Amino acid sequence: MTDPLERLRAICLSLPETTERLSHGEPTWFVRDRKTFVTYADHHHDDRVAFWCAAQPGTQEALVAQDPGRFFRPPYVGHRGWLGVWLDVTVDWAEIAELVTDAYREVAPKGLVAQLDQ
């Protein structure tokens, strides 16, 4: 399996005013270099590869219940509703792009969300 980091990076950095830097040892994407919306998790607590992202209320619970083989409640941020997405399974990159964009919408200022919608 190829490393999914480059595809995830391209999706995150395609959104307005996003930056990437290491946070807690993992590539992490920020809106305006301040608010985190996605964190890569390369064998963070186990032997798996995933990412964690901001999510609308109820999304984490619904997706984990629907497909626990692809989604999980991540440590540290799961209690805030963040979603964990496994990347070491068959990945639907269109769905990943949608989840990342939704995560961006959760933390970005209204002006940037409006820019995204244009």
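Going by an unreviewed UniProt entry, the chain carries the name MmcQ/YjbR family DNA-binding protein and comes from Prauserella endophytica.

Undergrad: Tell me about the overall build of the chain, residues and numbers included.
TA: Looking only at helices and strands, the chain features 4 helices and 6 strands. From first element to last, N terminus to C terminus, the chain shows the α and β order α-β-β-β-β-α-β-β-α-α. Rg of the C-alpha trace for the chain: 13 Å, near the compact-globule value of 13 Å for 118 residues, within the 12% margin. Structurally, the chain occupies a C-alpha span of about 35 × 25 × 25 Å along its principal axes. Residues counted as buried form 44% of the 118 residues belonging to the chain. For the chain, contacts bridging at least 24 residues in sequence account for 45% of all contacts bridging at least 6.

Undergrad: Summarise the pattern of salt bridges; cite the residues concerned and give the values.
TA: Side chains that differ in charge, positive against negative, can pair when their charged atoms come close. Inspection of every chain in the model, using the stated rule, returns 8 salt bridges. Put simply, R9 and E20 hold a salt bridge, and the shortest N to O gap is 2.6 Å. On the criterion of sequence distance, the pair formed by R9 in helix α1 (residues 5–13) and E20 in strand β1 (residues 18–23) is long-range, its members being 11 residues apart. Salt-bridge contacts for D33 lead to R21; the nearest nitrogen and oxygen are separated by 2.7 Å. With a gap of 12 residues between them, D33 in the loop between β2 (26–31) and β3 (35–42) and R21 in strand β1 connect regions that are remote in the sequence. Through salt bridges with shared partners, a single ionic network connects E6, R9 and E20.

Undergrad: I'd like a rundown of α1, residues and numbers included.
TA: Residues of α1 that are buried include every one of L5, L8, R9, I11 and C12, and no others. The arc that holds the buried residues of α1, viewed along the axis, is 165 degrees, so those residues lie on one side. Buried residues belonging to α1 abut β1, β2, β3, β4 (49–53) and α3 (93–107).

Undergrad: An account of the sheet that holds β2 is needed here, citing residue identities and associated values.
TA: The strand order β1-β2-β3-β4-β6-β5 describes an open sheet built from 6 strands, whose pairing is antiparallel. The open sheet has two free edges, formed respectively by β1 and β5 (71–72), since each of these has just one partner strand. Where α1 meets the sheet, it contacts β1, β2, β3 and β4, and its direction lies at approximately 10 degrees from that of β2.

Undergrad: Summarise the layout of surface pockets; cite the residues concerned and give the values.
TA: The computed volume of the largest pocket comes to approximately 230 Å³. In terms of lining residues, the largest pocket is bounded by 12 residues, among which S23, H24, T39, W52 and V77 are the most central. Considering only residue class, the lining of the largest pocket consists of 4 nonpolar, 6 polar and 2 charged.

Thresholds, definitions, all that
- Residues numbered from 1 in each chain as written.
- Predicted model: local features only at pLDDT ≥ 70, side-chain atom pairs only at ≥ 80, totals over all residues.
- Heavy atoms only, no water.
- Helix = DSSP H or I, 4+ residues; strand = E, 2+ residues; numbered from the N terminus.
- Rg over C-alpha atoms; globule rule 2.2 N^0.38 Å.
- Buried < 20%, exposed > 50% of the residue type's maximum accessible area, 1.4 Å probe, protein only.
- Contact = heavy atoms within 4.5 Å.
- Salt bridge = Lys/Arg side-chain N within 4 Å of Asp/Glu carboxyl O.
- Arc of directions from axis to C-beta.
- Pairing = 2+ DSSP bridges.
- Axes fitted to C-alpha atoms, helices over the stretch in contact; angles between N-to-C directions.
- 1 Å grid on protein atoms, 1.4 Å probe; cavity = no way out; pocket = protein on both sides within 12 Å on 5 of 7 lines; lining within 4 Å.
- Points joined across faces, edges and corners; volume = space filled by probe spheres on them.
- Nonpolar A, V, L, I, M, F, W, Y, C, P; charged D, E, K, R; others polar.

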